[in-house]
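Geometric and topological summary
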Amino acid sequence: MSHNGSYTCEKRGKTGLRVTIGLSVSSDACPEGPETISFAEDVSSSVPCKQKEIFKLNTERNIRWLKDCKPVQRYTSVDKDGLMRLNGSSKRDAGKYTCLVDFTFNGQNFTAARSIRLNITKIGTVIAAEPIVEYPQQAVVVVKEGTPVELKCKAYIGYSEDNDTEMFWFVNNTFSDDFDGLKDSWHHVHEGGRVKGVSTLSIPKVLRQFINVPFSCCVQTSIGHKCGILWLQEADHRALYTSVSLCISASLAVLAATAAFLFFRVDLVLAYRKLLRHFSKQQISDGKLYDAYVSFLHPDTLTSDVTANFAMQILPKELETQGYSLFIRGRDDCPGEAVHGVISSMVCRCRRLIIILSPEIKSSTEGKTDEVEPLCDNQTQLCYEQKIGLHDALTRNEPRVILVEIGSVDYRCLPESLRYIQRKQGALKWKKPSLKTKKHIKFSSNRNFWKHLRYHMPSVPAGKQHTIV
């Protein structure tokens, strides 16, 4: 009997935990209960065995219930935590209930007893409810080792704040208080007339020992005891790595496809045009008579026979055999016609303006680059052709201009309009084959020239009605 009294347990350190427990030693078989609970009549209820301190010892135990110091005869079940369920409470169930727990500790046998007085009231007077852990229920929380995390727990308690309610955590069946740095706290919240408890377990640093072990959040009220479990799982970065790899692969594929298209752009466009000619059914003419107007200096001026031979022989032989229609002044105009009138009319009726430039084209100023139109000196007709074509090309983008260089051309002596077009779209270079070069080498040396020239020409020759220019 000398052990009666209050016992205080203090855990020194960061948590500063302090718990006071009252111990009552009685010689009676069923000591008097310190509290009273009430159940509604004809409502199934449960009487708790409030000996959580004994249950925390995790020892083998035997639980017995007494009613008014006699073994209980009418009950449905008793769970491992001593919760006794009554089916349909009646007036005769009222009385003093004593929970006896027989257990062994440090090799000695003990019996712990605690009594509760039960009152039975009319229906609707009191509503008692068992706790329910809403979250977690076998939940998984993805974490990264070494980082902080807060675990949440939410439980339904009843319709009022029970002073005997407690919420606590276990880590792999060990109290969270036994781990340095782990802190838990809880509070009540009211939702739709119901009272719930919200508990938070703060982990400042996720350790390897916390990964893939159960974290149990438990709630204990005067009616019962329930737990929910969650697991910490290390973040799986394989999906992220796979996504990054796919993005990089897709980007590289797009870059490779873009590079391949740019490299083979000319071949692809020419192949597409060839297919279009075979499969296109409905075609509309744009009203143009020629595919290109060829502008060059004639042999009777300052140009050489090489330029004239290219413009009068080589160029038409290569393009006109493929169906393109060219207008070449000196070949296609009629004698006696007004030259300027023919030029003005025909340039506007051609889809392209091919301007052939050669080193022999010089200005009369010989090196002076500040002249606006040095090309016009002694080259009136050539100047007029280019004036008409370049004006329309720069103002209406029609006809489109194709610059062809034969040899090295000094653009400083040419008008600004030609220099602008050369800077904007460049020029095609035709190489003059030497006399000793074999025929197949001659053809091979200018293969890219003819391919790029066809690329800049209309998609369908003027001899065929077409839709694309």
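Right above here is the structure, for reference.
The rules behind these values
Residues numbered from 1 in each chain as written. Predicted model: local features only at pLDDT ≥ 70, side-chain atom pairs only at ≥ 80, totals over all residues. Heavy atoms only, no water. Pairing = 2+ DSSP bridges. Helix = DSSP H or I, 4+ residues; strand = E, 2+ residues; numbered from the N terminus. Axes fitted to C-alpha atoms, helices over the stretch in contact; angles between N-to-C directions. Core = buried A, V, L, I, M, F, W, Y, C linked by side-chain atoms within 4.5 Å. Buried < 20%, exposed > 50% of the residue type's maximum accessible area, 1.4 Å probe, protein only. Phe/Tyr/Trp six-rings, centres within 6.5 Å; stacked < 30°, edge-to-face > 60°. Lys NZ or Arg CZ within 6 Å of the ring centre and 35° of its normal.

1. Section: the sheet that holds strand E11 (residues 132–135)
One open sheet holds the four strands; their spatial order is E11-E13-E17-E16, and the pairing between them is antiparallel. The open sheet has two edge strands, E11 and strand E16 (183–191), and neither has a second partner. In this sheet, neighbouring strand axes are inclined to one another by 25° on average, regardless of whether the strands run parallel or antiparallel. As paired strands, E11 and strand E13 (residues 149–158) are joined by three bridges and run antiparallel to one another. If you follow Ile132 over to E13, its bridge partner there is Tyr156.

2. Brief notes about the nonpolar core
Counting residues in hydrophobic clusters, the biggest one holds 24 residues, and the most contacted among them are Leu151, Trp169, Ile203, Phe210, Phe215, Leu230 and Leu232. Broken down by secondary-structure element, the contributors of at least two residues to this core are strand E12 (139–143), E13, strand E14 (166–171), strand E17 (194–203), strand E18 (214–220) and strand E19 (225–234). Here this core takes four residues from E13, the largest share from any one element.

3. Looking at unusual backbone geometry
The omega torsion across Tyr135 and Pro136 is 10°, close enough to zero to call that bond cis. In this structure, Pro136 sits in the loop between E11 and E12. For Asp68, which is not a glycine, the phi torsion comes out positive at approximately 55°. Among the structural elements, Asp68 can be located in the loop between strand E5 (61–67) and strand E6 (70–71).

4. Description of the packing of aromatic side chains
Within the structure shown, the criterion is met by 12 aromatic pairs. With centroids separated by 5.8 Å and ring planes inclined at 80°, the aromatic side chains of Phe168 and Phe170 adopt a geometry described as edge-to-face. Summarising the burial analysis for this pair, Phe168 and Phe170 share the class buried. Arranged with centres 5.9 Å apart and planes meeting at 45°, the rings of Phe168 and Phe175 form a pair that is tilted. An aromatic cluster is present here, built from Phe310, Trp430, Phe449 and Trp450 joined pairwise through their rings. In this structure, Lys56 packs its charged tip against the face of Phe168, placed 5.4 Å from the ring centre.

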